[in-house]
Protein chains: 2
Amino acid sequence: MMNSWISIPEQSDFSIYNIPFGIGSTGTTPFVCTRIGDQVLNLNTVAETGFFKDITTDLSVFSQRTLNPFIALGKSVTNQVRIAIQKTLTDENSPLKNQGDAFMPYEKVEMHLPVEIGDYTDFYSSIEHATNVGKMFRDPDNALLPNWRHLPVGYHGRASSIVVSGTPVHRPKGQTKPVDAENPVFGPTKRLDFELEMGFVIGKNTQIGDSVSTEQAEEYIFGMALFNDWSARDVQKWEYVPLGPFLAKSFASGMSPWIVTLEALDPFRVPGPAQEPEVLPYLQYTGEKNYDIHLEVIITPENGDENIVSKSNFKYMYWNMCQQLAHHTCNGCNVHIGDLMASGTISGKDQESLGSMLELTLGGKKPITLSNGESRSFIQDGDTVTLRGWCAKENLRVGFGEVYNKILPAKS
Amino acid sequence: MMNSWISIPEQSDFSIYNIPFGIGSTGTTPFVCTRIGDQVLNLNTVAETGFFKDITTDLSVFSQRTLNPFIALGKSVTNQVRIAIQKTLTDENSPLKNQGDAFMPYEKVEMHLPVEIGDYTDFYSSIEHATNVGKMFRDPDNALLPNWRHLPVGYHGRASSIVVSGTPVHRPKGQTKPVDAENPVFGPTKRLDFELEMGFVIGKNTQIGDSVSTEQAEEYIFGMALFNDWSARDVQKWEYVPLGPFLAKSFASGMSPWIVTLEALDPFRVPGPAQEPEVLPYLQYTGEKNYDIHLEVIITPENGDENIVSKSNFKYMYWNMCQQLAHHTCNGCNVHIGDLMASGTISGKDQESLGSMLELTLGGKKPITLSNGESRSFIQDGDTVTLRGWCAKENLRVGFGEVYNKILPAKS
């Protein structure tokens, strides 16, 4: 049990066991930072004192607008940085005790998108979600397509419109075809939805032609964040054949500001679900590759209270991150530091564990009731959707904080 | 008629009317350059003499690894640069006549990927191609899906694996399901194909929430290049439902090194095909938005001669670039300088104008015969596939050069 000389609220996601990385600013100059309890620690200020001099001489990485150059130092360096911070925050003789200017209350720090995302891929790796959506969009009797249990289905998403938590999102417009209409119409989506997802950030480059095995995969994964894959269901339904989702998703996706390292998540490994039929050799793996991460989705209507509408868990994922990365690179596709790979909607088996309104309300047919008496089939203007995620085990707690976006009316 | 004091071969793509932009190098330092006839003109060397001093003071853009900073100066500047080069190359008293060090034979210059591509989108805008593929992959009687004539169908592609012309490409491996097998298998693709495409490069940023109208679209298009969307058809067939092509495409795409500006293409505007039914107002446009660009696909077997296997034309496209960009941004999706938007395979009506082996050989059923007597259902190891494109009209010729990639055996 590690104890810090920093006061950390008991249920804080940002315990001494976490030490995530992000990009913050208080004025115009961004800096690499971590969070401990309710404090943000400016690692550029720490670096300037020579604190990391035995770990790296490249201090410029701590004053960049993204974590990419820091991540590029490699896990051997970034893990040492994390451990050095952990140690000094538990050391009663820490030099940081005299460095009050390095600490700031989290409310005073503006957090930015933590990485420059070159390419973003979205998987579809929850068997419960794929089954639920298949029933609604396609054939109730053959919800899962023939390839689903043989490979982690995924598609390329739009990287430019990934925004950090807190960024408001305008209701998107798009082309839809009402069921009773002969022709499509254009206007604001009527079926705006969230998708409860998590994403992992690539921590090491590959070259074109290289493949990463399931065994090597964790070397290439820097860490994870919460991810809301905002979706316009009516746009999606009309546009997605035959080449997949496009404008139904590309208007915005939300990402939490803190990247929690794979090393911080290590105590929370759990086995994944059995995979039947057996997968091809390049997708086989050994060890525990799933993580027990509690997840919640909250809808907060304008001037209303929080409503927890879903409680799910990352451990439900049928395909794990190592399999996703091995599949992604099995054709020689190269990955770059900062690339984001998201899980797809994380639904569980129970009604209360579904990760989208589409599933929670059966395509809008069974609206849910909020604490203020209002009902929701999909997300309305003025609503804020928040995703939260955390691991908890005995005295350990390591969390992701949250990603939230408020929905503003469509632009005129 | 403009005449240059540089000797330009009569059938050169790089006439005085072209003046495209690219990134070259002869040693380690890249530079912005243009091409005139068989000569590459180093614009950084030109800039250092003060030649562009009345156009821009930001000379650093001419010594970058990508065109993005140059493009970011805006069309008002980049068009002036193009015109200044055109003028001086036709001026018998040009100061460049004394600057032999700025010119190099094109064979001596290594050309690089011209832009840093943040996001890459691939459309599916040839009605002939969509019909041909729909017949083979889906239903011969309903080849064109209901949305196709209402919106330019597109999907997000992988930006990281776009390579410049000349880069060899290893045959990708992947998961496929042979028709007679119960379970999928993993190995090198047996159905490697090209796709004859062109792409346009975004020349101006938008913010999230902004939409670009068909009328404004040309302000946002810097120029065009040839694009080969390499495809593994057997991988595609098994993986693509329900979220679209993924690993079947992401192993590599080829791009020509020269970006031909929209202004250079202006004399070659032609009307597009009639669109029936009428499209929604946000997709309507006025004026001639298609371009008469002759296209060829060449297969060159190892130690063999060139075989022209397809002759197509960009003017066949049902959806034009302005409609594609208006659609892409109608939901507020932001675009960045350097983003690439490709056309999708450009097929014509005739057998000889089909833009993929899939179509040329009817899914491999009717192999084509090469001049050396060999036949091809799909592309074999050792084959080089080259795409060429040019506009020609009276005495004007403006061309794109070529994009070629040689196929190497799968990595072991």
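Basis of the calculations
Residues numbered from 1 in each chain as written. Chains lettered and ligands numbered in written order. Predicted model: local features only at pLDDT ≥ 70, side-chain atom pairs only at ≥ 80, totals over all residues. Heavy atoms only, no water. Contact = heavy atoms within 4.5 Å. Buried area = accessible area lost by both parts, 1.4 Å probe. Salt bridge = Lys/Arg side-chain N within 4 Å of Asp/Glu carboxyl O. Polar contact = N/O pair within 3.5 Å; in protein donor to acceptor, adjacent residues only side chain to side chain. Helix = DSSP H or I, 4+ residues; strand = E, 2+ residues; numbered from the N terminus. Nonpolar A, V, L, I, M, F, W, Y, C, P; charged D, E, K, R; others polar. Buried < 20%, exposed > 50% of the residue type's maximum accessible area, 1.4 Å probe, protein only. Pairing = 2+ DSSP bridges.

1. Details of the interface of chain A and chain B
Taken together, the contact pairs 57 residues of chain A with 57 residues of chain B. Summed over both sides, the interface of chain A with chain B buries roughly 5300 Å², with 62% coming from carbon and sulfur. Where chain A packs against chain B, one counts six salt bridges. Lysine 411 of chain B serves as the salt-bridge partner of aspartate 210 of chain A, at 3.9 Å between the closest nitrogen and oxygen. In this structure, the connection of chain A to chain B is made through 22 residue pairs in polar contact (both at pLDDT 80 or more). Listing elements by their share of the side of chain A that touches chain B, those giving two or more residues are strand S6 (120–123), strand S7 (154–157), strand S10 (173–176), strand S11 (185–188), helix H5 (233–239) and helix H7 (321–329) of chain A. In the side of chain A that touches chain B, the residues fall into 29 nonpolar, 20 polar and eight charged.

2. As for the pairing of strand S20 (residues 294–300) of chain B
Residue and element names in this part refer to chain B. Counting buried positions over the seven residues of S20 gives six, a clear majority of the element. Two successive antiparallel strands, S20 and strand S21 (residues 307–313), enclose a turn made up of six residues, where asparagine 303 displays a positive phi of approximately 60°. In this structure, S20 lies alongside strand S25 (residues 384–393), joined through seven bridges in antiparallel fashion. Note that in S25 the partner of isoleucine 299 across the bridge is valine 385.

3. Some details on the pairing of strand S1 (residues 22–25) of chain A
The side chains of a regular strand alternate, first on one face of the sheet and then on the other. Residue and element names in this part refer to chain A. The alternating pattern of S1 places Gly22 and Gly24 on one face and Ile23 and Ser25 on the opposite face, and all of these are buried. For S1 and strand S2 (residues 31–36), the ladder comprises three bridges, and the chain directions are antiparallel. From the neighbouring strand, glycine 24 faces S2, where its bridge partner is phenylalanine 31. Count of turn residues in the S1/S2 antiparallel hairpin: five residues.

Any functional reading would require information that these geometric values do not contain.
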